[in-house]
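Observations on chain architecture
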Amino acid sequence: MSVHKEVKRITTHTLQEMKNSGEKIAMLTAYDYSMATIVDDAGMDIILVGDSASNVMAGHETTLPITLDQMIYHASSVVRAVKRALVVVDLPFGSYQGNSKEALSSAIRIMKEAGAHAVKIEGGVEIAESVSRILTAGIPVMGHLGLTPQSIYKFGTYTVRAKHEAEAKKLKEDALKLQELGCFGIVLEKIPAKLAHEVSESLSIPTIGIGAGQHCDGQVLVIHDMLGINKGFKPRFLRQYASLYDVMNGAIKNYVSDVKAKEFPNEKEQY
Ligand code: KIV
């Protein structure tokens, strides 16, 4: 008998059971091995290797520049760390919009080269063919509606989406379509809480909100935002659980001053 305790992995079925039983789903981003270890050990249900890596890891203004190769690099580092959570990886801008064949081959690369468990893709009915082709290959797909950052140049701003009837109606139709195609869940980003509530109640699959209120079946945040590593980013929907910028900056300043003052290393810290 093995002395190692078996860890029960989260699957898309577990998430469905959580929705059915009313247990909320916790999801957070991670982009590297060390962070993913901490996040997984904390009991996260879903770890998202988001294309927000383009912003928080690479310093780009938008999510558009990150490449499929770079997403695979981040995802494979995360997968090596994770023992329990479901690892979902974003299909980056330009890796699926061309046609469904390209979308499938990008999704296959993510699954095969990174060892991911599922992919996430932005958009509704307009990407239905791609979603369906990826699903046909046995790859679980998570949808993403509302504020879809890869379309930021079409929207023009990062403000709340679907405030008006026509856009809200389209979002509801998109959500139903994604469910009908076989997506296992949908991220709803920055839409009115009332709309997110209606969508969450109308769907049988889980919704995961970010800036979409308390009635979604789960919540997702970008780890750098909730840990306060991004000092200046404080949108209304964000709850900051730590101020790591200050903690890390303070520690690093102490190190600099110890080195300058010849106080590090001391006699015990050498061979
Ligand atoms: O890339 C990302 O981090 C995301 C979340 C904001 C949902 O898509």
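Residues numbered from 1 in each chain as written. Predicted model: local features only at pLDDT ≥ 70, side-chain atom pairs only at ≥ 80, totals over all residues. Heavy atoms only, no water.

A word on the packing of aromatic side chains. The geometry of an aromatic ring pair is captured by the separation of the ring centres together with the interplanar angle, meaning the angle of the planes. Going through the model one piece at a time under the given rule, you end up with one aromatic pair. Between the aromatic rings of Tyr255 and Phe264, the centroid separation amounts to 5.9 Å while the plane-to-plane angle is 65°, which identifies the pairing as edge-to-face. Judged by relative accessible area, which is 49%, Tyr255 ranks as partly exposed. Since its relative accessible area comes to 37%, Phe264 is described here as partly exposed. (Phe/Tyr/Trp six-rings, centres within 6.5 Å; stacked < 30°, edge-to-face > 60°. Buried < 20%, exposed > 50% of the residue type's maximum accessible area, 1.4 Å probe, protein only.)

Counting 60 residues, the largest nonpolar core has Ile134 and Leu188 as its most contacted members. The leading source of residues in this core is helix α4 (residues 68–81), at seven residues. Discounting chain neighbours no more than four positions away, the residues touching Ile134 are Leu91, Ala103, Leu104, Ala107, Val119, Ile121, Ile139 and Val141. Residues Ile46, Leu86, Phe184 and Val187 belong to the second largest nonpolar core, which totals 16 residues. (Core = buried A, V, L, I, M, F, W, Y, C linked by side-chain atoms within 4.5 Å. Helix = DSSP H or I, 4+ residues; strand = E, 2+ residues; numbered from the N terminus. Contact = heavy atoms within 4.5 Å.)

Attention shifts here to the site of the ligand. Residues in close proximity to the ligand total 13 residues, the closest being Gly50, Asp51, Ser52, Asp90 and Lys120. Within the side chain of Asp90, an N or O atom sits 3.1 Å from an oxygen atom of the ligand. Here an oxygen atom of the ligand sits 2.9 Å away from a polar atom, N or O, in the side chain of Lys120. A per-class count over the shell around the ligand returns five nonpolar, four polar and four charged. (Near = heavy atom within 4 Å. Polar contact = N/O pair within 3.5 Å; in protein donor to acceptor, adjacent residues only side chain to side chain. Nonpolar A, V, L, I, M, F, W, Y, C, P; charged D, E, K, R; others polar.)

The end-to-end C-alpha distance of α4, which contains 14 residues, comes to 20 Å, matching closely the 20 Å that a straight helix rising 1.5 Å per residue would cover. Burial analysis of α4 places ten of its 14 residues in the buried class, the great majority of the element. Along α4, the residues classified as buried are Leu68, Met71, Ile72, His74, Ala75, Ser76, Ser77, Val78, Val79 and Ala81. Packed against the buried residues of α4 are α2 (33–41), β2 (46–49), α3 (53–56), β3 (86–90) and α5 (100–114). (Expected span 1.5 Å × (residues − 1).)

Let us now look at the UniProt feature "active site" (unreviewed entry) in the chain. Mapped onto this structure's residue numbering, the UniProt feature "active site" (unreviewed entry) falls at Glu189. Inspection of the secondary structure puts Glu189 in strand β6 (residues 185–189). Setting aside chain neighbours within four positions, we find Glu189 in contact with His144, Leu145, Gly146, Leu147, Pro149 and Ile210. Of the polar contacts made by the side chain of Glu189, one reaches the side chain of His144; its length is 2.9 Å. (UniProt positions renumbered as here; feature names shortened; annotations may be inferred.)

Moving on, we come to the pairing of strand β1 (residues 25–29). Counting buried residues along β1, four of its five residues qualify, which places the element largely inside the surrounding structure. Direction of pairing for β1 relative to strand β8 (residues 218–221): parallel, over a ladder of four bridges. Looking at the pairing, Met27 lines up with Val220 of β8. Relative to β2, β1 is paired through three bridges, and the arrangement is parallel. Bridging across to β2, Thr29 finds its partner in Leu48. In this region the chain leaves β1, passes through α2 and returns to the parallel neighbour β2; the handedness of that crossover is right-handed. (Pairing = 2+ DSSP bridges. Right-handed = clockwise from strand over helix to strand, strands pointing away.)

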